[in-house]
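What follows is the residue order along each chain.
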Amino acid sequence: MPNVVVVGTQWGDEGKGKIVDLLTRQAKMVVRYQGGNNAGHTLVVGGEKFIFHLVPSGILHPGTQCCIGNGVVLDPEVFLMEIDRLEGRGFKIGPENLRLSERTQVIMPYHQRLDIAREEKKGAGKIGTTGRGIGPCYEDKVGRRGIRVADLIDPDSLKAKLADILPEKNFFLEKFLGAQPFTVEEILSKYAKMGARLKPLVANVSVLIDQAVKQGKNVLFEGAQGTHLDIDHGTYPYVTSSNPVAGGAATGAGVGPGQLHRVLGIVKAYTTRVGSGPFPTECLDKIGDHLVECGVEFGSTTGRRRRCGWLDAVVLKDSARLNGLTGLAITKLDVLTTLNPVKICVAYEVDGVQRDTIPPTIKDLERCRPVYEEVPGWQEDLRGVRRFEDFPAATKNYLKRVEELVGVPIQIVSVGPDREETIVVQNPFD
Ligand code: IMP
C-alpha cells in the first residue's frame, strides 16, 4: 500500500487541508510532521467551515488515526482548544483517533514573547512571522534546551527544565528585548495541568506508523507551510524554521525515506505569500486585487491580507526537484475565471540574462524580473465542473501547460472550497 506525502509547492496556503481531507478517505493514518500553529488549514465540509492549526485535517473522518509527529512544535493551549472545539461540535477525540509524539517539542510562553518582541525590535527588517513562537521553539530544539512532550507530562522534569532554562530566557527578554520575564511557578502550574490532560494521547508515533505500515495501511503525511518557506531550501531568511519539504516527513515522523512512496505537490493556480520576502510575480495592481477578493486571500491564522501574483513555474520546478513530486493537485482554479490573458512566469531575467533557478540570496532574487508566457483565459464558472473533459478548452490548455512546465502530472484539480468541488484525474493512492 503506498504512503503519500502532501507538500505545499509555493509559500504555503496552497489549500493542503482540503486535499488532505479528501485523501483521508483512503488513508488509515494521517501524520503532521513539521511546523506548528503557524499553519492554518481550512476545510469546508457540507457547507460547514473548520479551521485547524495543529490537529491533522484527517480528524473529521471516523476510523482515521491522526498523529502529531516529533518534528512538530506544539502549543498545548492551542492544541487543547482545538480538541475542545471539535468535541463541542460533536466529534469524539481520544487516543483512538488522535496521538501525540512523546518527542514533539513544546512551544512555551517565552517562545511566543520572544518571537513578538524580536519582530518588534527589528522594525522594517522583520520577517513577518506569525508571532506564535515557532522560530524560538525550533532554536531551543536545535540548541538542546527544548521541552518535549515527555517532559510536559512529567511535572518533576518540567520543573527542573524550567528552572534550568528560564534564567537565560529572562535575561534575554529583559535586558535585550525590554520584555517581561517569567517565573517558574506561573508556567509550571498551568503547563503541568495541560500535560496531565494530554497524557492519554501521548505515544511513540514512529512505532505506531511502523505498525500501520506493516499492517498494509495507507499513511498520509501532511506537510504544513510550503517548499519556499523551508529553512534550508526556501527564500532564506524569509522562511519558517522547519523543513516542509517531503524529506522532512522522514525525520519529522520517524520513518525511513523508503516509506515515502508518493509525493503530491499542492499548487495554487496563482501565487500568494504572507509576511516579508521577495516575490517575483507579485501583482500590486488590479490583478492582485482580483486574486485577493475572488480567492478570499486572508490568512486563516493571522487574518493578514496575502500578497498575490501570477503562477511562477520557476518556483514550481524547484519544488518538483526538491520534493521528488510524483503528482500535482491544482487548487483555486476557479479564481482565475474572467482574467484574460492568464500569465505564467517561465523564467527570471537578471541584467538581460535568463535563468530558471532561484538565486540563493535575497539581494539577487530581488533583482529577478519575471519572464511571462501568456495563455488565453476563460469566462466560464468552473465551480460546477466535476470531470476534466468538461473544462473549457482554455482551462484545459492552461492546465496542460502547467503540467508541461513542471514536468509532473496533474492528479487533482480543485474548483471551490467544498469537498465536492474537486476533480480527481488520477488517485495518488492507486
Ligand atoms: P513563522 O513560521 O511564524 O516563524 O513565520 C515565518 C514566515 O513563514 C512568515 O513569513 C510567515 O508569514 C510564514 N508562514 C508561516 N506559516 C505559514 C503558513 O502556514 N502559511 C503561509 N505562510 C506561513
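Our structure is the block above this text.
Now for a look at the structure at hand. Keep in mind it's a predicted model, so treat the numbers as computed, not measured. (Residues numbered from 1 in each chain as written. Predicted model: local features only at pLDDT ≥ 70, side-chain atom pairs only at ≥ 80, totals over all residues. Heavy atoms only, no water.)

### Regarding the overall build of the protein chain
Move 1: A tally of regular secondary structure across the protein chain gives 13 helices and 20 strands.
Move 2: For the protein chain, whose C-alpha radius of gyration is 21 Å, the value lies close to the compact-globule estimate of 22 Å for 430 residues.
Move 3: If one aligns the C-alpha atoms of the protein chain with their principal axes, the spans along those axes are about 65 × 50 × 40 Å.
Move 4: Here the protein chain holds 430 residues, and 59% of them are scored as buried.
Move 5: Across the protein chain, contacts joining residues at least 24 apart in sequence account for 76% of those joining residues at least 6 apart.
Move 6: As displayed, the protein chain offers around 17400 Å² of accessible surface, 51% of which is attributable to carbon and sulfur atoms.
Move 7: Positive and negative charge centroids in the protein chain, built from 54 and 53 side chains respectively, lie 3 Å apart. (Helix = DSSP H or I, 4+ residues; strand = E, 2+ residues; numbered from the N terminus. Rg over C-alpha atoms; globule rule 2.2 N^0.38 Å. Buried < 20%, exposed > 50% of the residue type's maximum accessible area, 1.4 Å probe, protein only. Contact = heavy atoms within 4.5 Å. Areas by Shrake-Rupley, 256 points an atom, 1.4 Å probe, with all protein chains shown as cover. Lys, Arg positive; Asp, Glu negative; His and termini not counted. Charge placed at Lys NZ, Arg CZ, Asp CG, Glu CD.)

### A short note on the site of the ligand
Move 1: As a structural note, the neighbourhood of the ligand is formed by 15 residues, with Asp13, Asn38, Thr130, Thr240 and Arg304 the closest of them.
Move 2: Between the ligand and Thr240, the relevant distance is 2.6 Å, taken from an oxygen atom to a side-chain nitrogen or oxygen of the residue.
Move 3: Between the ligand and Arg304 there is a distance of 3.0 Å, counted from an oxygen atom to a side-chain nitrogen or oxygen.
Move 4: Contact with the protein chains hides 97% of the accessible area of the ligand, taken as 470 Å² for the molecule alone.
Move 5: By residue class, the composition of the shell around the ligand is six nonpolar, seven polar and two charged. (Near = heavy atom within 4 Å. Polar contact = N/O pair within 3.5 Å; in protein donor to acceptor, adjacent residues only side chain to side chain. Nonpolar A, V, L, I, M, F, W, Y, C, P; charged D, E, K, R; others polar.)

### Here we look at helix 4 (residues 134-142)
Move 1: Looking at helix 4, one finds that the buried residues are Ile134, Gly135, Pro136, Cys137, Tyr138 and Asp140.
Move 2: Elements that come into contact with the buried residues of helix 4 comprise strand 6 (73-74), strand 8 (105-106), helix 3 (109-122) and helix 6 (155-176).
Move 3: Arg144 occupies a position one or two residues after helix 4 and carries a positive phi of about 60°.

### Details of the environment of Ala249
Move 1: Looking at the element boundaries, Ala249 is found in helix 9 (residues 247-253).
Move 2: Residue Ala249 is classed as buried on the basis of its relative accessible area of 0%.
Move 3: Separated by 179 residues in sequence, Ala249 and Asn70 place their C-alpha atoms 10.0 Å apart.
Move 4: Not counting chain neighbours up to four residues away, the residues in contact with Ala249 comprise Val5, Tyr33, Phe221, Gly254, Val255 and Leu260.

### Thoughts on the sheet that holds strand 9 (residues 202-203)
Move 1: Across the sheet, 10 strands lie side by side as 9-7-5-2-10-1-11-15-19-20; this open sheet has mixed pairing. Across the chains shown, the open sheet's two edge strands, defined by having one partner strand only, are strand 9 and strand 20 (422-424).
Move 2: Of the pairings in the sheet, the one linking strand 2 (residues 29-32) to strand 5 (residues 65-68) comprises four bridges and is parallel in character. Paired with Arg32 across the strands is Ile68, a residue of strand 5.
Move 3: Together, strand 2, strand 5, strand 7 (98-101), strand 9 and strand 10 (219-222) form the strand contacts of helix 8 (residues 205-214), whose direction differs from that of strand 2 by roughly 150°. (Pairing = 2+ DSSP bridges. Axes fitted to C-alpha atoms, helices over the stretch in contact; angles between N-to-C directions.)

### Some points on the pattern of salt bridges
A side chain with one charge can pair with a side chain of the opposite charge if their charged atoms come near.
Move 1: Evaluated as defined, the whole model comprises 26 salt bridges.
Move 2: A salt bridge links Lys169 to Asp140; the shortest N-O distance between them is 2.9 Å. Here Lys169, found in helix 6, pairs with Asp140, found in helix 4; they are 29 residues apart in sequence, far enough to count as distant.
Move 3: Judged by its relative accessible area of 8%, Lys169 falls in the buried class.
Move 4: Look at Asp140 and you get buried, because its relative accessible area is 1%.
Move 5: Close ionic contact of Arg401 with Glu373 constitutes a salt bridge, the shortest N to O distance being 2.4 Å. In this pair, Arg401 sits in helix 13 (residues 393-406) while Glu373 sits in strand 18 (residues 369-375), placing the two residues 28 residues apart along the sequence.
Move 6: When salt bridges that share partners are traced, they join Asp13, Lys268, Glu297, Arg306 and Lys332 into one network. (Salt bridge = Lys/Arg side-chain N within 4 Å of Asp/Glu carboxyl O.)

Geometric values such as these leave the question of function open.
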